[in-house]
Amino acid sequence: MAVIINSSCGGGGEDSEVHRVCLPPKRTTMEKLKQRVGEIFFPDDPLHKFKNQTLPKKLLLGLQFLVPVFEWGPQYNLKLLRSDVVSGLTIASLAIPQGISYAKLAKLPPIIGLYSSFVPPMIYALLGSSRHLAVGPVSIASLVMGSMLTQEVSATEDPTLYLKLAFTATFFAGLFQASLGLLRLGFVIDFLSKATLVGFTAGAAVVVSLQQLKGLLGIVTFTTKMEIVPVISSVFHSRDEWSGPTIMMGVLFLMILLSTRHISMKNPKLFWVSAAAPLTSVIAATLASFMFSSKLHGVKIIGHLPKGLNPPSMDMLLFSSSHLAVAIKTGIVTGILSLTEGIAVGTTFASLANYPVDGNKEMMAIGAMNMVGSCTSCYVTTGSFSRSAVNYNAGAKTAVSNTVMAAAVLVTLLFLMPLFHYTPEVILAAIIITAVIGLIDYRAAGRLWKVDKLDFAACLCSFVGVVFVSVPVGLSVAVGVSMFKVLLHVTRPNAVVLGNLPGTQIYQSVQRYGEAERVASFLIVAVESPIYFANSTYIKERIMRCIREEEELIEANKETAGLKYVVVDMTAVSAIDTSGIELLCELRKTLEGRSLQLVLANPGGTVMEKLHLSKSLQLFGSNGLFISVGEAVAHISSLSKAHREVI
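If you look the chain up in an unreviewed UniProt entry, it shows as STAS domain-containing protein from Linum tenue. You can read under Subcellular location (unreviewed entry) in the UniProt record for the chain the words "Membrane". Check the Sequence similarities (unreviewed entry) section of the UniProt entry for the chain; it says "Belongs to the SLC26A/SulP transporter (TC 2.A.53) family."

Here is the structure:
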């Protein structure tokens, strides 16, 4: 509905149309609640495929929704299988040495790392929606699990209890992840911003690398702490334990691994060079250790690794132990980190290959594989960036590549385990350092500094917390800084003064646009956020400050037309609460006492509805609400002009 009013803006002298600001359609409380819940939990409308379908079709779609393999499986063919076999065998060559290495990083027996590269990938192949995500143990989750559990139980003094806690933590990690996906609460992990993750992963990479100095130098007595100062101190206090042959072997293979990584980064077509390097290095180091064992004094080896499939571990889950709290805490923390990494990696390669990835399905898939894994002697797993990159470059077409990798690990578990008996621990340290060094993204930190100093501060706080205090504290700092940034934006929103671009009805910030002109008798302020209890006082103070500055400017310029109207552009005000409504009423009353009129421009549907329900709309009258700033200025100016002519 529109009201036609003859009005003019400035000297335009032309008729214009003023539109009434309408209320949104009337809805019941249940209708509002249903829409709001849908927006929060189902923004992607996952059930739209089920509309207007027959019951058999709905059942099929439901099965495909829950188990994605039924969606792409019927179209699977021999050509796709060939590509998946090649990529699966390629990532297996990387997964086997990394699985052994990351298990040691988590203070677990090396065989657990191989178990964790067998069962979880098969579960993900059935439930996952990413075609390129390569599943298995990862460095960050392994580090966090090791650091948090060792604060409660020593992995060397009581290895059985430690193993039970690791499996229990893995179960709760999976339960937490699956619950987030099932309840569609994935936004919880959004509180770990990109900036804080850059700092956290870089700090974790530094901590992990320093921890590997024990294996790289052949040290026997080493600190159990993770912080940089105790680690460096322990390294130099144990100088008499340094092993020359170990150092030589470690430096040699570290240089080889870093060189192959550099080659693959420079030329992505040579991805297989860095992919094959870890397993090749393990084979070479194992042969050297076996053939020259009499000469390589002080070089520690892995020793006996049991053959066979994953033994059941359901009876090792501790649900009534005094250590249950630390298992739950560790599970939630590692669950969040591994989920964040897995989804980030999956969406990255999905965007490269131009296909969709369902975040909630990924949560349920990763959660399910960790819960099943905890019952089959596996610890926390997720999608690894390094293995997924190799999988993508090797030409993987579907998640079957994970099944091929699992089959290769199965052959290793059944027949090849004795071959790893003489594998030196130093080569595992070199593999870990090479893998985690890529987590230090200094370019991303540089971009943060250039674009957003507050984001850079969050990144730096997270990095310092991990390196100098502890991994859990670093993670807490990361979340805390992210929350602080959210609160800062909510409690201190932007409020900018607008001016008119000459010859148009467009109003923009006078600071951004030099050509924007102030309108005589008007102060136009745009509020760029919802108005809540947390920021209502600040917004009022900010508007009053703008009024004071405008009056000072008018006085300094000796302008004849004083300030008469304060127009608040509410285009960006998406919501308002009772405190916000009270603010507008108080502001109107305060300005009225100073002979100023408060005008609201373009209030949204939700804002209008709440103003109406609170009976505050009538306070503003017909000349206090407009659909745009342009119409507000034009109409009020025409009325003022008409009033002067009458006088």
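Still more ground to cover, so stick around.
Asks: Please provide a residue-by-residue account of the overall build of the chain, values included.
Replies: Counting its secondary structure elements, the chain contains 26 helices and ten strands. Based on the C-alpha atoms only, the size of the chain along its principal axes is roughly 110 × 65 × 50 Å. Within the span of the chain, comprising 647 residues, buried residues form 49% of the whole. Counting only contacts in the chain whose residues sit at least 6 apart along the sequence, the fraction spanning at least 24 positions is 79%. A total of about 31100 Å² of accessible surface is found on the chain, and carbon and sulfur atoms cover 64% of it. Both charge centroids of the chain, one from 52 positive and one from 42 negative side chains, sit 8 Å from each other.

Asks: Summarise the side chain of Lys361; cite the residues concerned and give the values.
Replies: Here Lys361 shows up in helix H15 (residues 359-374). Although Lys361 lies buried, it forms no salt bridge, and the closest oppositely charged side chain, Glu71, sits 4.5 Å away as judged by the N-O distance. Sequence-distant contacts of Lys361, defined by excluding residues within four places in its chain, comprise Gln64, Phe65, Pro68, Glu71, Leu127 and Ser129.

Asks: Provide a residue-level description of a nonpolar patch on the surface, including the pertinent values.
Replies: Taken together, the side chains of Val229, Leu460, Val464, Phe468, Val469 and Val473 present a nonpolar region at the surface, about 490 Å² in accessible area. Element by element, the count of residues in the nonpolar patch is highest for helix H20 (residues 453-469), at four residues. Among the structural elements, Val473 can be located in helix H21 (residues 471-491).

Asks: Lay out helix H2 (residues 55-66) with the relevant residues and their values.
Replies: The periodicity of an α-helix, 3.6 residues per turn, causes residues three or four positions apart to be oriented the same way. Here H2 is twelve residues long and its end C-alpha atoms lie 17 Å apart, about the 16 Å a rise of 1.5 Å per residue gives. Those residues of H2 lying buried are Leu61, Gly62 and Gln64. Angular distribution of buried residues about the axis of H2 spans 165°; they occupy a single face of the element. Exposed side of H2, more than 90 degrees from the buried face: Leu55, Pro56, Leu59 and Leu66 are the residues found there. Summarising the contacts, the buried residues of H2 are in contact with helix H3 (69-72) and H15.

Asks: Please give an account of the confidence of the model for the chain that cites residues and values.
Replies: Low-pLDDT portions of the prediction should not be read for the details of their coordinates. On average, the chain scores 86 in pLDDT, and the residues at 70 or more come to 96%. Taken together, the stretch residues 1-15 has pLDDT below 50 and engages in 29 contacts with residues farther than four places along the chain or on a different chain.

Asks: I'd love a proper account of the layout of surface pockets, names of residues and values included.
Replies: Remark: the empty space left among the atoms is shown by a probe the size of a water molecule rolled over them. Counted as a void, the second largest pocket has a volume near 900 Å³. Looking at the second largest pocket, it is lined by 30 residues, and the ones nearest its centre are Lys104, Lys107, Ala155, Thr156 and Lys214. Of all the secondary structure elements, the ones that give two or more residues to the lining of the second largest pocket are helix H4 (78-105), helix H8 (159-182), helix H10 (213-217) and helix H18 (425-436). The class makeup of the residues in the lining of the second largest pocket is 15 nonpolar, ten polar and five charged.

Asks: Account for the packing of aromatic side chains, with residues named and values stated.
Replies: Taken as a whole and assessed by the stated rule, the structure comprises nine aromatic pairs. The interplanar angle of 80° and the centroid separation of 5.6 Å between the aromatic rings of Phe171 and Phe172 together place this pair among those described as edge-to-face. Each member of the pair Phe171 and Phe172 is classed as buried. Look at Phe172 and you get buried, because its relative accessible area is 15%. Pairwise contacts between aromatic rings join Phe171, Phe172 and Phe319 into one cluster.

Asks: Can you tell me about the UniProt feature "transmembrane region" (unreviewed entry) in the chain, naming the residues and giving the values?
Replies: According to UniProt, the feature "transmembrane region" (unreviewed entry) maps to residues 161-185, 191-210, 242-258, 270-292, 363-382, 403-420, 426-444 and 456-484 in the numbering used here. Annotation note: span residues 363-382, helix share 60%, strand share 5%, distance between end C-alpha atoms 10 Å. In this annotation, residues 403-420 is assigned 78% helix and 0% strand; the end-to-end C-alpha distance for the span is 23 Å.

Asks: So what's going on with the sheet that holds strand S10 (residues 625-626)? Residues and values would help.
Replies: With respect to topology, six strands assemble into an open sheet ordered S6-S5-S7-S8-S9-S10, the strand pairing being mixed. For this open sheet the edge positions go to strand S6 (507-509) and S10, each flanked by a neighbour on one side alone. Pairing of strand S8 (residues 565-569) with strand S9 (residues 597-601) involves five bridges; the strand directions are parallel. Residue pairing for S9: Asp569 is matched across the bridge by Ala601. Relative to S9, helix H23 (residues 578-593) is tilted by about 145°, and along the sheet it contacts S8 and S9.

What counts, and at which threshold
Here, residues in each chain are numbered from 1, in the same order as that chain's written sequence. Where totals are concerned, whole chains, interfaces and linings use all residues; where local detail is concerned, this predicted model gives features only for residues with pLDDT of at least 70, and gives and counts side-chain atom pairs only at 80 or more. Excluded from the side-chain calculation are hydrogens and water; included are all heavy atoms of the structure. UniProt positions are given in the numbering used here, feature names are shortened, and annotations may be inferred rather than shown by experiment. Secondary structure follows DSSP: runs of H or I at least 4 residues long count as helices, runs of E at least 2 residues long count as strands, and numbering of each begins at the N terminus. Three labels apply to residues, based on accessible area from a 1.4 Å probe with only protein chains included: buried if under 20% of the type maximum, exposed if over 50%, partly exposed otherwise in between. The contact rule is simple, with two residues in contact once any of their heavy atoms fall within 4.5 Å. Under the convention used here, a 1.4 Å probe and the Shrake-Rupley method define accessible areas, while residue burial counts only the protein chains that appear. In this tally, Asp and Glu contribute negative charge and Lys and Arg positive charge; neither His nor the terminal groups of the chain are included. Note that the charge is assigned to NZ on lysines, CZ on arginines, CG on aspartates and CD on glutamates. Counted as salt bridges are all cases of a side-chain nitrogen of Lys or Arg within 4 Å of a carboxyl oxygen of Asp or Glu. Only residues whose relative accessible area exceeds 30% and that take part in no salt bridge are eligible for patches, with like-charged residues grouped when within 9 Å of each other and nonpolar side chains (Val, Leu, Ile, Met, Phe, Trp, Tyr) grouped when within 5 Å. The span you would expect from a helix comes to 1.5 Å times its residue count less one. The arc in question is the one traced by the directions running from the helix axis out to the C-beta atoms. Every residue carries a pLDDT, the predictor's confidence in it, which falls somewhere between 0 and 100. The method works on a 1 Å grid over the protein atoms by themselves. A cavity is a set of points holding a 1.4 Å probe that cannot get out, a pocket is an open set with protein on both sides within 12 Å along at least five of seven lines, and residues with an atom within 4 Å of a point line them. Grid points are joined across faces, edges and corners, and a volume is the space filled by probe spheres set on the points. Gly falls in the polar group here, along with every residue not listed as nonpolar (Ala, Val, Leu, Ile, Met, Phe, Trp, Tyr, Cys, Pro) or charged (Asp, Glu, Lys, Arg). Ring geometry is summarised as follows: Phe, Tyr and Trp rings, the Trp one being its six-membered ring, pair when their centres sit within 6.5 Å, and such pairs are stacked at plane angles under 30 degrees, edge-to-face over 60 and tilted between the two. Any two strands with at least two DSSP-identified bridges between them are counted as paired. Orientation is described by axes fitted as lines to C-alpha atoms, over the contacting stretch for helices, and by angles from 0 to 180 degrees between their N-to-C directions.

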